[in-house]
Amino acid sequence: MFGTLPAYGIYLRHIKGLTFEDVTLETSAPDLRPALDGEDVENFEIANFRAAGSGPSPLLRLRDARQVYVHGCRPLGDVSLFLTVEGHASREILLQANNLHQAVQAYTLADGAPVNAIIND
């Protein structure tokens with residue numbers, strides 16, 4: 001119905017006031033898409049999220065995201081990148097108490113995301 005979605009697990013668009021807690025995503029075969037992709041999300045909380053990743057894609061991708069709280073999360077295995085934040089409207093994305101030992105890079109900013117969009121605590 002929608003074609004190939006930008007995430008292998010969860011795709012969010014135009015969401016306000018949503019919380020994910022204790023979600024685990026795995027794949028039976030490697031998938032190069034992010035586990036979670038959110039576009040135009042606001043007041044979004046991700047707690048204790050665990051997911052598999054592969055290739056150069058981030059585990060989480062957020063575009064034009066505001067007031068996001070990511071805590072207690074970790075990749076299920078080695079990943080190149082945990083989070084990519086994109087878009088001029090992105091702001092107030094708090095990363096706190098995540099286990100990123102299996103991520104080569106914690107986060108990156110792209111496509112006009114402001115340098116202060118992420119608060120890494």
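The structure we're discussing is the one just above.
## Observations regarding the sheet that holds strand 7 (residues 74-75)
Here comes step 1: Reading across from one edge, 2-4-7 is the order of the three strands in this open sheet, with parallel pairing throughout. What marks the edges here is a single partner per strand, and that holds for strand 2 (24-25) and strand 7.
Here comes step 2: In terms of strand pairing, strand 4 (residues 50-51) meets strand 7 through two bridges, oriented parallel. Residue pairing in the sheet places alanine 51 in a bridge with proline 75 of strand 7.

## Quick look at the packing of aromatic side chains
Here comes step 1: Summed over the entire model, instances satisfying the criterion amount to one aromatic pair.
Here comes step 2: Each ring, one from phenylalanine 20 and one from phenylalanine 44, has its centre 5.7 Å from the other, and the planes form 80°; the classification is edge-to-face. Here phenylalanine 20 is found in strand 1 (residues 10-21), whereas its partner phenylalanine 44 is found in strand 3 (residues 36-47), with 24 residues between them in sequence.
Here comes step 3: Residue phenylalanine 20 is classed as buried on the basis of its relative accessible area of 17%.
Here comes step 4: Residue class for phenylalanine 44 comes out buried when judged on its relative accessible area of 1%.

## As for the nonpolar core
Here comes step 1: Within the largest apolar cluster, 31 residues are counted, with the highest numbers of intra-cluster contacts made by Leu36, Phe49 and Leu83.
Here comes step 2: Those elements that place two or more of their residues in this core are strand 1, strand 3, strand 5 (58-63), strand 6 (66-71), strand 8 (79-86) and strand 9 (91-96).
Here comes step 3: With residues up to four places along the chain from it excluded, the contact list for leucine 36 reads Ala7, Ile10, Phe20, Phe44, Ile46, Phe49, Leu59, Leu60, Arg61 and Leu62.

How each quantity is defined
Counting of residues starts from 1 at the beginning of each chain's written sequence and follows it residue by residue. In keeping with the model being predicted, local features are shown solely for residues with a pLDDT of at least 70 and side-chain atom pairs are shown and tallied solely at 80 or more, while totals for entire chains, interfaces and linings include all residues. Side-chain measures here rest on the full set of heavy atoms in the structure, leaving out hydrogens and waters. Two strands are said to pair when DSSP picks up at least two bridges between them. A run of DSSP states H or I qualifies as a helix once it reaches four residues; a run of E qualifies as a strand once it reaches two. Both are numbered from the N-terminal end. Centre distance within 6.5 Å is the pairing criterion for rings of Phe, Tyr and Trp, where only the six-membered ring of Trp is used; planes under 30 degrees apart are then read as stacked, over 60 as edge-to-face, and the remainder as tilted. Exposure is judged per residue with a 1.4 Å probe applied to protein chains only, and the accessible area is read against the type maximum: over 50% gives exposed, under 20% gives buried, and values in between give partly exposed. Buried Ala, Val, Leu, Ile, Met, Phe, Trp, Tyr and Cys residues that are joined via side-chain atoms within 4.5 Å together make up what is termed a nonpolar core. Whether two residues are in contact is decided by their heavy atoms: any pair within 4.5 Å suffices.

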